[in-house]
Amino acid sequence: MSKNVLKVENATMQFGGVVAVDNMNLEVNEGEIVSLIGPNGAGKTTAFNVITGVYAPSNGCVWFEGDKIVENYPHGKMQKLYKGQNNGKYSHITAPTPDRITKLGMARTFQNIRLWKSQTVFENVLIAKHLRTTSNLFSATFRLNHAEEKRQREECDELLRVMELDGVRDELATSLPYGQQRRVEIARALATQPKLLLLDEPAAGMNPQETDELTAFIGKIRDNFKLTVFLIEHHMDLVMDISDRIYVLDFGKLIASGTPEEIQNNQRVIDAYLGVSNDA
Amino acid sequence: MSRILPYLLSGISVGGQYALISIGYTMVYGILRLINFAHGDIFTVAGLLMVYAAATMPLYISAPLVIILTIILGVLVEKVAYKPLRTAPRMSVMISAIGMSYLLQNTMWYLTGGLAKKYPTLPWISDKINVGGTTTSRVTLITPFLTVILVIFLVMLIKKTKIGMAMRAASRDFETAQLMGVKVDSVVSFTFIVGSGLAAVGSMLYFTNYATVTPVVGAMPGLKAFVAAVFGGIGSIPGAVIGGFIIGICESFIKGASWTTFSDAFTFGLLIVILGVKPTGLFGESLTEKV
Amino acid sequence: MKKNNQRQGLITAGIVIVLLAVLVLLDNAAWVPPMLLTVLRKGVIYALVAVSMNLLNGFTGLFSLGQAGFMLLGAYSYAVLTIPVENQTAIYQQFKNGGLHFSITESLTNVMGEFGTLIGVIICLIIAGAVAALFAYLIGLPVLRLKSDYLAIATLGFAEILRALVQFEKLGPVTNGSNLLYGFTSFSNFQIGTLHLGTVMPFLFSGACIWIVVLLINSTYGRAFKAIRDDEVAAEAMGINLAKHKRMSFVISSFFAGISGGLLAMYQASVQAVTFKSAMTYEILLIVVIGGIGSITGSILASFLFVGCSEWWLRFLDNTTVVSLNGKIASVIVICVAIVGVVALIFWRNRKKAFADKRNTIFLTLIVGAVLLAGQIKFAISSSLQLPLLRSGFRMVIFSIVIMIMVLFFSKGIMGDRELPDLLQKRRNAKAAKASKGGDAQ
């Protein structure tokens, strides 16, 4: 049994009276590719934002490699609105900013691509290396860190080669076609040297051919970089091909989990979501 | 009481004047999300216009004329400096506002030769009267009432009329309002008309208490009025008015306690405290960015 | 590659040496108009402030308007530390026993002579920057969490608070209240024998600081700043600590603003709080915009242009009369060309719009242009030498109109977000490409 990398425990996220994520529990084990699927507005991206520290959850906690990284309990206004279970199980607030979570080894991409628009592909990747620099402001300014700088540049070039982006190294990142921009975003996330890669709808807006390429690609980078991958996706082909396990979210609640075959045959999932496109 | 009263009176009076100016800021910010840095200078221009107008005309002609000319200037500033930049980043529009303020100040300097102009004594409202044992000018008493009446009128206008509804729509979501057929250009023009008109009224009341007008004199009350708008929650008219009164009264007491050097600093200190504690101000609504 | 770098380094060093030699020459030649020296000195100081503001506004995307406040801190720190002891009683006459009763430059001069003065000035400038940086750190704690325009207004407010604080009577024994500070070491103190160095020194100080900023911007931290400017959310998700990096940028920017404040004090040879108003920040912001937000070379060029125009080249607009007929004709031609140019510019900007949309603009422009031209023609055929409109203050009106035209029509500034060497490089590459293509054809 491999150890789990990510564990989400009783996570609830409320915005006012709206419960976007309701008492969610999930686990991602080392080396797995796990998908989180669900209809639009099911709260998938909110779940991502809770895991990566963009939002502090109203209740619940997130474990990363055996450490509790996010924890919160309902208080103040939330206590009144709170309808979730496990009230009182958590009594601490741990809400690190996203950068600290990324530093621990968790990197993400965005649903609507967020590349740094005035930077080239290479610079986009290089900037993501910034969090691993050990040089301080002074040594960086006066180029006393050239050994580190050189190593980082070489690592980035290597990464671009692996990602098959070396041809567009010096292009403006946002001038690339959509599929390549997605790949730059993944490269950028990989540059932070993560153990867990979170992909928010990596195939959104891609044509079938690009999607197929991406499917092969995600498997390849998992093996190459010894990663664990957790992704949100709409493209069922991709999810079913690639995933070791799948979680299904509907109206903020997890309604099913299991292997792709189990999910495909689960009546609740078919009712909620797959029923429409089952013949595909 | 008798020691406090004069400060309280002058505080309420100055506060009312700040309130009138800050409405212009808060309305423009509410719709265009722009700090109209030129507003303080428009206020000064109104003061200067009054100097020239009152020299040749009786008050009942000069006062409306000044208000009308100030309104024209306000709308012109919008058309020249802000309208072409409607789709530009917010920073460019703000820079344009700063440039406009620079232009207005330099033009006023050129026209006046940089000399301080003596502000005319307006009949009746400059008269001295006695309130609770302290002598003050009549403007001190008129200001708060006039402010409140104008604000009630304005709030009614926004709540009841069609253009008011359009303004509320534009301030909630400028682009959607445009798509829904709201004539945003005329809404913006109307905002500037109201803002500049109130600034002109505010300037008449404000300068009555001071002997002279110089080209740069409006910058500071302008900024303070903006602070008042932020304090009350930017975009909210009652908020701006309450903010104006609070700042005016506090400032008056600080001056009374012979800390005059810090009366300006206090206003900005208040701004920083309110932004730190409640960035949306007293009555502002919060906006969150979606990730 | 390495050889290329070396060559570039040599070329840069050569340019710097030639520039410094020219400056020394200008400083000492009799035929140089004093205005040129003024523009050069003030221009290079403004270049440093503009660069420091650009670091914040252009490279980190923080819209701050506190630059004048930090310059004020720098100027006062520098002045207070360098006023010679014997002058202190006269300067602080309002405040009994005022002044620090020591002066860093003076003490060092006594020990090491002229070299000591230089060391003292450098130490005091660094202290000036450090004081500004310290205040920036404290101010940054509450303020940097705010978003764009709130940040602008809060920093503007802090600058005003600092100005009030300096004028506070209780601090009078140090800051001399709202009175002038003067008599400290200034640029005119720099000379070796009869060789004046009054223009070279500000260039050296400013140049060194700007060089450091350029190094910083191209370092890994500078890249992180640019990431924050481009997309804050993505930057944070990629592990860049927003609070830390924003504060870093704010403190560094203020440090250099402080140094430039000290330099400005040296240039003016006096310091008074009233000069550091928000209008000063606005001027610097306009320089940054004219040069191009996010371009260091743009900021530097714009500083010289701005100072040159406001102090020197537009000065003729303040004269009320011309001396001769030639001057009259020249002025008429210049102004007519300017009017026609502006009208043409407005037409050119509107060329793609439908006629109905631009009708008002076009009529308004034509009428105003025609009236102004008619005025000029009337003046040209009249016998008077008294220029219409021109009198004290007209220069600044024209100047601010030019700035508005820049802001409205060329919002990218002269350089956009590019740098001068990049442009030259591109040009050379294009030429090389053309040449090789030509070679292929043969």
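None of these values were measured; they are calculated from a predicted model. (Residues numbered from 1 in each chain as written. Chains lettered and ligands numbered in written order. Predicted model: local features only at pLDDT ≥ 70, side-chain atom pairs only at ≥ 80, totals over all residues.)

Our next topic: the overall build of chain A. Summing up its helical and strand segments, chain A has eleven helices and ten strands in all. Taking 280 residues into account, the globule formula puts the C-alpha radius of gyration at 19 Å, and chain A, at 20 Å, falls close to it. For chain A, the C-alpha atoms occupy an extent of roughly 55 × 45 × 40 Å along the three principal directions. In chain A, which comprises 280 residues, the share counted as buried stands at 44%. (Helix = DSSP H or I, 4+ residues; strand = E, 2+ residues; numbered from the N terminus. Rg over C-alpha atoms; globule rule 2.2 N^0.38 Å. Buried ≥ 20, exposed ≤ 12 C-beta atoms within 10 Å, placed from the backbone.)

Next up on the list: the packing of helix α4 (residues 121-128) of chain A against helix α6 (residues 146-162) of chain A. Residue and element names in this part refer to chain A. Where α4 meets α6, the axes come as close as 10 Å, and the angle between the chain directions of the two elements is 125°. When the axis of α4 is compared with that of α6, the two are oblique. Like other packed secondary-structure pairs, α4 and α6 cross with a definite hand, here right-handed. Along its contact with α4, which presents Phe-122, Val-125 and Leu-126, the element α6 presents Gln-152, Arg-153, Cys-156, Leu-159 and Leu-160. Among the residues making up the contact of α4 with α6, the classes are represented as six nonpolar, one polar and one charged. (Axes fitted to C-alpha atoms, helices over the stretch in contact; angles between N-to-C directions. Parallel < 35°, antiparallel > 145°, perpendicular 65-115°, else oblique. Left-handed = near helix turned anticlockwise from the far one by under 90°. Contact = placed C-beta atoms within 7 Å. Nonpolar A, V, L, I, M, F, W, Y, C, P; charged D, E, K, R; others polar.)

Glycine aside, a negative phi is what most residues show, and trans is what most peptide bonds show. Residues and elements named next belong to chain A. One non-glycine residue, Asn-23, lies in the positive phi region at around 50°. Secondary-structure assignment places Asn-23 in strand β2 (residues 18-29). Here Asn-23 falls in the partly exposed class, since 18 other C-beta atoms lie within 10 Å of it. With a phi angle near 60°, Arg-143 is a residue other than glycine that sits in the positive phi range. Counting through the fold element by element, Arg-143 comes out in the loop between α5 (137-141) and α6. You can call Arg-143 exposed: it has 12 C-beta atoms within 10 Å.

A few words on the environment of Val-143 of chain C. Structurally, the position occupied by Val-143 of chain C is in helix α6 (residues 114-143). In this structure, the C-alpha to C-alpha distance between Val-143 of chain C and Ser-219 of chain C, residues 76 residues apart in sequence, is 26 Å. Setting aside residues no more than four positions away along its own chain, Val-143 of chain C makes contact with Ile-272 of chain B together with Leu-151, Ala-154, Thr-155 and Phe-158 of chain C.

Taking 1.5 Å of rise per residue, the 17 residues of helix α11 (residues 261-277) of chain B would be expected to cover 24 Å, and the 25 Å separating its terminal C-alpha atoms lies within 8% of that figure. When α11 of chain B is considered as a whole, its buried residues turn out to be Thr-261, Ser-263, Ala-265, Phe-266, Thr-267, Phe-268, Leu-270, Leu-271, Ile-272, Ile-274 and Leu-275 of chain B. Of the surrounding secondary structure, the elements contacted by the buried residues of α11 of chain B are α9 (219-232) and α10 (237-256) of chain B together with α6 and α7 (148-166) of chain C. (Expected span 1.5 Å × (residues − 1).)

Turning our eyes to something else, we now look at the sheet that holds strand β1 (residues 4-15) of chain A. To summarise the sheet geometry, strands pair through backbone hydrogen bonds and adopt either a parallel or an antiparallel arrangement. All names here are of chain A. The four strands are arranged β2-β1-β4-β5 in an open sheet whose pairing can be described as antiparallel. Edge strands, defined here as strands with exactly one partner in the open sheet, are β2 and β5 (67-72). Strand after strand, the sheet turns through a mean of 15° between neighbouring axes, direction not considered. As paired strands, β1 and strand β4 (residues 59-64) are joined by five bridges and run antiparallel to one another. Among the inter-strand pairings, Thr-12 is bridged to a residue of β4, identified as Asn-59. Taken strand by strand, helix α1 (residues 44-51) contacts β1, β2 and β4, and its axis lies near 65° from that of β2. (Pairing = 2+ DSSP bridges.)

Assigned domains of chain C: these are domain 1 (1-28), domain 2 (33-301) and domain 3 (321-389). Each of domain 2 of chain C and domain 3 of chain C has a C-alpha centre, and the two are 41 Å apart. (Domains from an automatic or database assignment.)

Below, the discussion takes up the sheet that holds strand β6 (residues 106-108) of chain A. Residues and elements named next belong to chain A. Judged by pairing direction, the sheet is mixed, and its six strands sit side by side in the order β6-β7-β8-β3-β9-β10 without closing on themselves. Single-partner strands in this sheet number two, and they are β6 and β10 (253-258). Looking at each pair of strands side by side, their axes are set apart by 15° on average, direction ignored. Sheet topology note: the strand β3 (residues 33-37)/strand β8 (residues 228-232) ladder contains four bridges and is parallel.

All names here are of chain C. With 27 residues, helix α12 (residues 242-268) ought to run about 39 Å at 1.5 Å a step, and its terminal C-alpha atoms sit 38 Å apart, in line with that. With 21 of 27 residues buried, α12 lies mostly within the body of the structure. Phi turns positive one or two residues past the end of α12, at Ala-269, with a value near 65°.

Further remarks concern the pairing of strand β3 (residues 134-137) of chain B. Residues and elements named next belong to chain B. In terms of strand pairing, strand β2 (residues 128-131) meets β3 through four bridges, oriented antiparallel. Residue pairing for β3: Lys-128 is matched across the bridge by Ser-137. Here β2 folds back onto β3, and the loop between the two strands holds two residues, one of which, Gly-132, carries a positive phi near 50°.

Our focus in this paragraph is the packing of α6 of chain C against α12 of chain C. Angle between the axes and distance between the axes are the two parameters that describe a pair of packed helices. All names here are of chain C. For the pair α6 and α12, interaxial distance at closest approach is 7 Å and the crossing angle is 145°. Like other packed secondary-structure pairs, α6 and α12 cross with a definite hand, here right-handed. For the pair α6 and α12, the contacting residues are Cys-124, Leu-125, Ala-128, Gly-129, Ala-130, Val-131, Ala-132, Ala-133, Ala-136, Tyr-137 and Gly-140 in the first and Arg-247, Phe-250, Val-251, Ser-254, Phe-255, Phe-256, Ala-257, Gly-258, Ile-259, Gly-261 and Gly-262 in the second. A per-class count over the contact of α6 with α12 returns 15 nonpolar, six polar and one charged.

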